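# Examining the three-dimensional arrangement
The primary structure of each chain is shown beneath.
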Amino acid sequence: MDFIAGYMEKSLKPYKNSIERFRKLPEKGLAKEKILAILSEMASAENKSWEEGRVSGAVYHGEEELVSFLEKVHSIYSQCNPLHVDIWPSVLKLDSEIVAMCSSMMNGDEHVKGSVSSGGTESILLAMKTYRDYYRKKKGVMHPRVILPKSAHVAFSKACDYFELEPVYVDLDEDFQVDVEKVKEAITPDTIALVGSAPCYPFGTYDPIEALSDIAKEKGIGLHVDGCLGGFITPWAKRAGYDVPEANFHSQGVTSISMDTHKYGFGPKGTSVILYRDSELFQHHLYVATNWQGGIYFTPTMAGSRPGFPIAAAWAVMLMMGDQGYLESAKKILDTGDYIRREIGRIDGLKVLGKPLWVIAISSDRFDPYLILEGMSRKKWMLSGLMNPPAFHIHLTLRHTKEGVKESFVRDLKLSAEEVAKGKIESAPLAPIYGLSSTLPKADVELFMKNIVEWLYS
Ligand SMILES: *Cc1c(COP(=O)(O)O)cnc(C)c1O
């Protein structure tokens with residue numbers, strides 16, 4: 001714990017000694033200029049990494065033109081609270097138009113219903129809660145099970161934790177797509193839903209949605225397509241020249257889809273869309289309270305009061321981009337992915353896992369992948385480590401399509417592999433954490449991690 005905290009302190013608590021700390025309210029309010037100066041100092045130190053395209057994912061667009069447009073939208077909608085539809089009925093228009101535009105991108109018909117949530121995790125939590133309630137009512141399933149590819153986003157595990165669903169994990173095949181035969185074998189009468197990613201977060205690979213759809217339809221269970229990552233790329237991939245599987249309502253067994261307006265939709269953080277094939281499912285998604293002393297109450301998502309700005313901004317960005325804008329950005333990102341994937345194939349000892357497009361997981365049969373990752377972090381790349389198998393990945397965004405970024409990524413990757421080959425990088429400080437889960441009991445690892453999180457937030 002001390003070792004890990006010592007290592008992380010420098011990068012995760014960098015302002016400890018350089019910026020004034022506030023542990024109780026200042027007696028008198030501070031001058032606005034001083035407050036803004038503190039925020040500016042921290043933000044300008046942090047903006048560099050993503051602006052220069054050195055991080056995986058995180059900021060998906062980030063051009064000045066978009067940022068200043070969002071600032072204008074914020075100045076118009078900063079006070080809006082979608083809970084109060086009587087005060088801000090415009091939110092109903094914005095929300096329903098975002099849902100309708102997303103549905104049309106996903107081949108939805110007029111029966112498709114949905115909501116704008118606060119993010120991919122909330123979309124997924126809501127979808128899982130919806131299946132739980134729907135199948136409890138429809139088939140009396142009291143111990144619901146959800147079948148998850150091992151690569152499914154962790155938000156599904158969180159949903160199982162929160163809503164007492166049993167997650168059943170299924171292995172991937174050698175292409176890093178879920179093994180459809182094993183999905184079939186895992187289905188029991190208590191199974192309420194299957195999940196397929198389009199594509200998945202760790203490896204950027206698409207699960208075989210069409211095959212999962214056939215199974216779901218035959219068994220009369222739900223199929224959630226997680227398009228959080230791909231929802232704003234997949235619809236344009238074919239026109240951009242890349243072959244991707246259809247992952248939408250065109251497949252008859254697909255009953256819900258999540259897609260993140262705040263990722264490749266380029267909206268600011270705080271929105272995602274959850275779509276359902278029909279109103280019968282959507283009714284189990286909605287919350288209404290009819291006998292509260294506070295009066296009639298309803299919410300389409302989990303929060304009560306929530307910001308209206310992200311919804312207005314997601315709507316505004318979608319209109320600003322248009323079909324043509326998303327096609328152009330998808331093409332730039334996919335072309336960059338194509339270049340990087342091909343170049344990695346030419347670096348001695350490195351390999352790409354599966355056949356991804358723009359979310360690329362890198363591993364090695366010769367070197368410890370975490371040492372390569374450490375080499376990259378010494379060169380100021382902020383990539384993400386993966387487990388089972390050991391690897392790391394980069395989610396390419398518009399930031400990586402800027403001149404020279406993809407070339408310098410490949411150059412640094414090659415350099416890191418050479419350094420590891422020569423024994424110049426001997427240890428990766430955070431690698432032991434990845435190893436913990438295979439050597440210690442689950443409860444011990446969880447306690448250890450919770451202590452770290454508590455320390456981070458204190
Ligand atoms: C990002 C992501 C999510 C979760 O989204 P958040 O917006 O971070 O809550 C879910 N699934 C996939 C495939 C993702 O990439």
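In case you missed it, the structure is sitting above this.
Residues numbered from 1 in each chain as written. Predicted model: local features only at pLDDT ≥ 70, side-chain atom pairs only at ≥ 80, totals over all residues. Heavy atoms only, no water.

### A word on the overall build of the protein chain
What the protein chain contains, in helices and strands, is 15 helices and 13 strands. Its C-alpha radius of gyration of 23 Å places the protein chain within 12% of the 23 Å reference for a compact globule of 458 residues. Taking the principal axes of the C-alpha coordinates as reference, the protein chain spans close to 65 × 65 × 50 Å. Taking as baseline every contact in the protein chain between residues at least 6 positions apart, the subset at least 24 positions apart corresponds to 72%. As presented, the protein chain carries roughly 23,100 Å² of accessible surface, and 54% of it is formed by carbon and sulfur atoms. Charge-centre separation for the protein chain: the mean point of 53 positive side chains lies 3 Å from the mean point of 59 negative side chains. (Helix = DSSP H or I, 4+ residues; strand = E, 2+ residues; numbered from the N terminus. Rg over C-alpha atoms; globule rule 2.2 N^0.38 Å. Contact = heavy atoms within 4.5 Å. Areas by Shrake-Rupley, 256 points an atom, 1.4 Å probe, with all protein chains shown as cover. Lys, Arg positive; Asp, Glu negative; His and termini not counted. Charge placed at Lys NZ, Arg CZ, Asp CG, Glu CD.)

### A short note on the packing of aromatic side chains
All told, the structure shown has 12 aromatic pairs when counted by the stated rule. Ring centres of Y131 and Y135 lie 6.5 Å apart, and the angle between their planes is 25°; on these two criteria the pair is classed as stacked. Placement of the pair is Y131 and Y135 together in helix α5 (residues 120-139), with a separation of four residues, close to one helical turn. For Y131, a relative accessible area of 1% corresponds to the buried category. The class of Y135 is buried, set by a relative accessible area of 5%. Taken together, a centroid distance of 6.0 Å and an interplanar angle of 85° make the contact between Y264 and W358 edge-to-face. Of this pair, Y264 sits in the loop between β6 (256-259) and β7 (272-276) while W358 is found in the loop between β10 (350-352) and β11 (359-364), placing the two residues 94 residues apart along the sequence. Note on Y264: relative accessible area 1%, which makes it buried. (Phe/Tyr/Trp six-rings, centres within 6.5 Å; stacked < 30°, edge-to-face > 60°. Buried < 20%, exposed > 50% of the residue type's maximum accessible area, 1.4 Å probe, protein only.)

### What about the sheet that holds β11?
A sheet is described by the order of its strands in space; here four strands give the open sequence β10-β11-β13-β12, paired in antiparallel fashion. The open sheet has two edge strands, β10 and β12 (384-386), and neither has a second partner. Strand after strand, the sheet turns through a mean of 35° between neighbouring axes, direction not considered. Alignment of β12 against strand β13 (residues 391-395), held across three bridges, turns out to be antiparallel. Across the sheet, the residue bridging to G385 is F392, located in β13. (Pairing = 2+ DSSP bridges. Axes fitted to C-alpha atoms, helices over the stretch in contact; angles between N-to-C directions.)

### Notes on the site of the ligand
By nearness alone, 13 residues border the ligand, and G120, T121, D226, H262 and K263 come closest of all. One nitrogen or oxygen atom from the side chain of T121 is found 2.5 Å from an oxygen atom belonging to the ligand. Within the side chain of K263, an N or O atom sits 2.9 Å from an oxygen atom of the ligand. Notes on the ligand: free accessible area 380 Å², of which the protein chains cover 86%. When residues in the shell around the ligand are grouped by element, the largest group, three residues, is from α5. In terms of residue class, the shell around the ligand is made up of five nonpolar, five polar and three charged. (Near = heavy atom within 4 Å. Polar contact = N/O pair within 3.5 Å; in protein donor to acceptor, adjacent residues only side chain to side chain. Nonpolar A, V, L, I, M, F, W, Y, C, P; charged D, E, K, R; others polar.)

### Overview of the nonpolar core
Grouped together as the largest cluster of nonpolar side chains are 120 residues, with contacts concentrated most on M128, F409 and L413. Of all the elements, helix α11 (residues 309-344) adds the most residues to this core, at 16 residues. Counting residues in hydrophobic clusters, the runner-up holds seven residues, among them F176, L353, L386 and A391. (Core = buried A, V, L, I, M, F, W, Y, C linked by side-chain atoms within 4.5 Å.)

### A closer look at the packing of helix α4 (residues 90-105) against α11
With their axes 9 Å apart at the nearest point, α4 and α11 run at an angle of 45° to one another. One finds that α4 runs oblique with respect to α11. Seen from above, α4 lies across α11 with left-handed handedness. Listed contacts from α11 to V91, K93, L94, D95, E97, I98, M101, C102 and M105 of α4 are I311, A312, A314, W315, M318 and L319. Grouping the amino acids of the contact of α4 with α11 by side-chain chemistry returns 12 nonpolar, no polar and three charged. (Parallel < 35°, antiparallel > 145°, perpendicular 65-115°, else oblique. Left-handed = near helix turned anticlockwise from the far one by under 90°.)

### Some words on unusual backbone geometry
With omega at -5°, the peptide bond leading from A198 into P199 counts as cis. You can see P199 is positioned in the loop between β4 (191-197) and α8 (209-219). With omega at 5°, the peptide bond leading from N388 into P389 counts as cis. As for its placement among the helices and strands, P389 is situated in the loop between β12 and β13. Notably, E164 is not glycine yet its phi reads approximately 55°, a positive angle. The exposure class assigned to E164 is exposed, which follows from its relative accessible area of 70%. A positive phi angle is found at K380, which is not glycine, with a value near 70°.

### Section: the pairing of strand β2 (residues 145-149)
Strand residues, when the strand is regular, have side chains that alternate between the two faces of the sheet. Summarising burial for β2: five of the five residues are buried, a large majority. The sheet contact formed by β2 and strand β3 (residues 166-170) spans five bridges and is parallel. Each bridged residue has a counterpart across the sheet, and for P149 the counterpart in β3 is V170. For the segment spanning β2, helix α6 (residues 154-163) and β3, crossover handedness is right-handed. Relative to β4, β2 runs parallel, the two sharing three bridges. Each bridged residue has a counterpart across the sheet, and for V146 the counterpart in β4 is A193. (Right-handed = clockwise from strand over helix to strand, strands pointing away.)

### Some points on the pattern of salt bridges
Counted by the stated rule, this structure contains 26 salt bridges. The salt bridge involving K48 is made with E52; its shortest N-O contact spans 3.4 Å. (Salt bridge = Lys/Arg side-chain N within 4 Å of Asp/Glu carboxyl O.)

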